[in-house]
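# Descriptive structure summary
Single-letter residue listing:
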Amino acid sequence: MRNALGSVDTVLLLGGRSEIGLAIVERLVRRGARRVVLAVRGASAPRENGASASVKDGGAAVPVEDLERLGAEVHVLDFDAARPETHAALIEEAAARAGDLDVVIPAFGVLGSQAVYDADPVAAARDVAVNFGGHVSIGLAAAGRLREQGHGTLVVLSSVAGVRVRKANFVYGSAKAGLDGFAQGLADALHGSGARVVVVRPGFVIGRMTRGMTPAPMSVTAAEVADAVVEALDTRQGTVWVPARLRLAFAVMRLLPRPIWRRLPR
Ligand SMILES: NC(=O)c1ccc[n+]([C@@H]2O[C@H](COP(=O)([O-])OP(=O)(O)OC[C@H]3O[C@@H](n4cnc5c(N)ncnc54)[C@H](OP(=O)(O)O)[C@@H]3O)[C@@H](O)[C@H]2O)c1
């Protein structure tokens, strides 16, 4: 439930090691959010010294202590986006731990390589199941909860990759196109319920997911995406492009004839 000043009190981050997701959560905690649920792969693995140490699973740490130091009560739950049959229970467990969910951020995803997908269609289907299917099942489960509460915001991390799909990464892009359509439809379905959806369309974000890649024009950082999301939560914007000028750029790019579009290098 939003606190007495109307700011966010409770946040659920799905994909609890996501750079963008954690940048949003950190900002919300600095602004007063007091209960955070981080849903991550491998959370059931034993913690160091049995204490509330950062949970590690071969990859980035889950910054439990950092968020606790900022004043939040942090819960860590096990979550696998590729197991949709577990998603409704996960949402209920998060609400049981933290109370009404003010902001839910599904921030999981895999970028993958088009060349790998071309050679391994099964890997492509598996990643689409995470990048699209996982968002559909967790999004619907979260929406059910927010509708019941009569308030709360689902932040959907779409991408300009889905606004017009490019041959360079069309498996990832098509999953994002599906996700963007799902998010818009869900936003309309929730209209009038008190719950809402923010659709976020970042361009190239310099960070872990894009490590080793040459930044595209108009690249941003996770911090810039997080600032834009927090502003959208404040102003009740429904769609956010990051940076904002991508909106105009894509208004033009959407209209480029296919023979030109398919020749673009990236
Ligand atoms: N980075 C960009 O350029 C960019 C641009 C536009 C949109 N986005 C979208 O923004 C979101 C966040 O991206 P990011 O840059 O923060 O990426 P990130 O730092 O690489 O985080 C992605 C997270 O997804 C998690 N994940 C992957 N598969 C999962 C699964 N099956 N179950 C549970 N968690 C899973 C990963 O968990 P582990 O830590 O366990 O591996 C990782 O923590 C993604 O949806 C991405 O597509 C990113």
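Cut-offs applied
- Residues numbered from 1 in each chain as written.
- Predicted model: local features only at pLDDT ≥ 70, side-chain atom pairs only at ≥ 80, totals over all residues.
- Helix = DSSP H or I, 4+ residues; strand = E, 2+ residues; numbered from the N terminus.
- Buried ≥ 20, exposed ≤ 12 C-beta atoms within 10 Å, placed from the backbone.
- Pairing = 2+ DSSP bridges.
- Near = placed C-beta within 6 Å.
- Axes fitted to C-alpha atoms, helices over the stretch in contact; angles between N-to-C directions.

To continue, consider unusual backbone geometry. A negative phi angle characterises most non-glycine residues, just as the trans form characterises most peptide bonds. For the bond running from Val-242 to Pro-243, omega is 0°, close enough to zero to count as cis. Structurally, Pro-243 is set in the loop between β9 (239–242) and α8 (246–253). Of note, Met-218 is a non-glycine position whose phi angle comes to about 65°, a positive value. Structurally, Met-218 is set in the loop between β7 (205–206) and β8 (220–221). Overall, the presence of 15 C-beta atoms within 10 Å leaves Met-218 in the partly exposed class. One non-glycine residue with positive phi stands out, namely Arg-236, at about 65°. Its location among the elements puts Arg-236 in the loop between α7 (222–235) and β9.

The next point concerns the pairing of strand β1 (residues 10–14). For β1, the buried fraction is high: 5 of the 5 residues fall into the buried class. Burial of β1 is two-sided: the residues Thr-10, Leu-12 and Leu-14 facing one way and the residues Val-11 and Leu-13 facing the other way are all buried. Bridge count between β1 and strand β2 (residues 35–40): 5 bridges; the pairing is parallel. Counted as the bridge partner of Leu-13 is Leu-38 from β2. Pairing geometry for β1 and strand β4 (residues 103–106), over 4 bridges, is parallel. Bridge pairing links Leu-14 to Pro-106 in β4.

Further remarks concern the site of the ligand. By nearness alone, 28 residues border the ligand, and Arg-17, Ser-18, Ala-81, Gly-109 and Val-205 come closest of all. A per-element tally of the shell around the ligand places helix α1 (residues 19–30) first, with 3 residues.

This brings us to the sheet that holds β1. Reading across the sheet, the 7 strands line up as β3-β2-β1-β4-β5-β6-β9 and stay open at both edges, with parallel pairing between neighbours. Only two strands of the sheet have a single partner each, and these edge strands are β3 (73–78) and β9. Strand-to-strand twist in this sheet, taken as the mean axis angle between neighbours without regard to direction, amounts to 15°. Note: β4 against strand β5 (residues 152–157), 2 bridges, orientation parallel. Paired with Val-104 across the two strands is Leu-154, which belongs to β5.

Note that all results are geometric; they support no functional claim without further evidence.
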